[in-house]
Amino acid sequence: QQQVKQSPQSLIVQKGGISIINCAYENTAFDYFPWYQQFPGKGPALLIAIRPDVSEKKEGRFTISFNKSAKQFSLHIMDSQPGDSATYFCAAALGGGATNKLIFGTGTLLAVQP
Amino acid sequence: DAGVTQSPTHLIKTRGQQVTLRCSPKSGHDTVSWYQQALGQGPQFIFQYYEEEERQRGNFPDRFSGHQFPNYSSELNVNALLLGDSALYLCASSLFTEAFFGQGTRLTVV
């Protein structure tokens, strides 16, 4: 019940296309859902986060869509660029933020082809 | 403002040895969490420190221990190293909601 399932495992998108990564969770007590971007040899960097009281949050080219009834959330990267090529992790936490432990998905390796 | 800094960046240890990893949190952050990231996997929560006390712990054996100092910096200690402990160890600091990660320490156990 503490798992976060992420798909796909890998994704290839053409430059300018839309990248979509999906996550699903079981524990309805989770109330903070961040997405992290990780480049090789680096630590994860927070991209965008959402709470379950909203269905969508947009920051620049990055959008989170949240479906509370389906217990699913997704990351959309609009106008994908080669510089977006990285591994993306969804996560979930209790207690309203990352001051509690984060439960991470298994990651999606995104390759944006020029 | 320096972000989260970890040392060393890389480390090679022999099975059975002990290792200490260090983390300096982002300025003003009072909570430090440690995560283990195996190759090709998502980070797994080890434990979290707040006010020099372990506040939460993940599903890791007692060989993993930690400490937080009055200046909020933290150490992760692993005893009796196993080959399976080879991973990227990440430190994250937080104040309210967001967690900021360091670049990690790559530990290789041979």
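In case you missed it, the structure is sitting above this.
Residues numbered from 1 in each chain as written. Chains lettered and ligands numbered in written order. Predicted model: local features only at pLDDT ≥ 70, side-chain atom pairs only at ≥ 80, totals over all residues. Heavy atoms only, no water.

Q: Which residues make up the sheet that holds strand 8 (residues 72–77) of chain A, and what are the values?
A: Residues and elements named next belong to chain A. Within the open sheet, the five strands sit side by side as 1-3-8-7-6. Their pairing is antiparallel. The open sheet has two free edges, formed respectively by strand 1 (4–7) and strand 6 (56–59), since each of these has just one partner strand. Within the sheet, the average angular offset between the axes of one strand and its neighbour, ignoring direction, is 15°. Two strands pair when backbone bridges link them, and strand 1 and strand 3 (residues 19–25) are joined in this way by four bridges, in the antiparallel orientation. The residue of strand 3 that forms the bridge with Lys 5 is Ala 24. (Pairing = 2+ DSSP bridges. Helix = DSSP H or I, 4+ residues; strand = E, 2+ residues; numbered from the N terminus. Axes fitted to C-alpha atoms, helices over the stretch in contact; angles between N-to-C directions.)

Q: Give a detailed account of the environment of Gln 113 of chain A, specifying residues and quantitative values.
A: Residue and element names in this part refer to chain A. Note that Gln 113 resides in strand 11 (residues 108–113). Gln 113 sits in the partly exposed class, given a relative accessible area of 36%. As for Gln 113 and Gly 17, which are separated by 96 residues in sequence, their C-alpha atoms are 9.7 Å apart. Beyond its immediate stretch of four places on either side in the chain, Gln 113 contacts Ile 12, Val 13, Gln 14 and Lys 15. (Buried < 20%, exposed > 50% of the residue type's maximum accessible area, 1.4 Å probe, protein only. Contact = heavy atoms within 4.5 Å.)

Q: Got a sec to walk through a nonpolar patch on the surface? Specific residues and values, please.
A: Residue and element names in this part refer to chain A. Together, Ile 18, Ile 20 and Met 78 make up a nonpolar patch on the protein surface, roughly 240 Å² of accessible area in all. With respect to the helices, strands and loops of the structure, Ile 20 is situated in strand 3. The partly exposed category is assigned to Ile 20, whose relative accessible area is 36%. (Patch = residues over 30% accessible without salt bridge, like charges linked within 9 Å, V, L, I, M, F, W, Y side chains within 5 Å. Areas by Shrake-Rupley, 256 points an atom, 1.4 Å probe, with all protein chains shown as cover. Salt bridge = Lys/Arg side-chain N within 4 Å of Asp/Glu carboxyl O.)

Q: How would you sum up the interface of chain A and chain B? Please name residues and give values.
A: The interface of chain A with chain B comprises 20 residues on the first partner and 22 residues on the second. Taken together, the two surfaces of chain A and chain B that pack against each other cover about 1,500 Å², and 52% of this comes from carbon and sulfur. Summed over the shared surface of chain A and chain B, the result is zero salt bridges. Joining chain A to chain B, the criterion identifies three residue pairs in polar contact (both at pLDDT 80 or more). (Buried area = accessible area lost by both parts, 1.4 Å probe. Polar contact = N/O pair within 3.5 Å; in protein donor to acceptor, adjacent residues only side chain to side chain.)

Q: Can you break down the state of the cysteines residue by residue, with the values?
A: The tally for this structure, following the rule as stated, stands at two disulfides over all chains. In this model, Cys 23 of chain A is linked to Cys 90 of chain A through a disulfide, with the two sulfur atoms separated by 1.8 Å. Residues Cys 23 of chain A and Cys 90 of chain A are joined by a disulfide whose S-S torsion is about -95°; by sign, that bridge is left-handed. Separated by 67 residues along the polypeptide, Cys 23 of chain A in strand 3 and Cys 90 of chain A in strand 9 (residues 86–93) bring together distant segments of the chain. Bridging Cys 23 of chain B to Cys 91 of chain B, the disulfide has an S-S length of 1.8 Å. The disulfide joining Cys 23 of chain B to Cys 91 of chain B has a torsion of about -60° about its S-S bond and is therefore left-handed. Of this pair, Cys 23 of chain B sits in strand 3 (residues 19–24) while Cys 91 of chain B sits in strand 9 (residues 87–94), and the two are 68 residues apart along the sequence. The pair Cys 23 of chain B / Cys 91 of chain B is uniform in exposure class, with both members buried. (Disulfide = S-S within 2.5 Å.)

Q: With reference to specific residues and values, describe the sheet that holds strand 3 of chain B.
A: All names here are of chain B. Read from one edge of the open sheet, four strands run 1-3-8-7, paired in antiparallel fashion. Each of the sheet's edge strands pairs with one partner strand only, and the pair in question is strand 1 (5–7) and strand 7 (64–68). Taken pair by pair, the neighbouring strands of this sheet meet at an average axis angle of 20°, ignoring direction. Of the strand pairs in this sheet, strand 1 and strand 3 are connected by three bridges, and their pairing is antiparallel. Bridged to Ser 7 within strand 3 is Arg 22.

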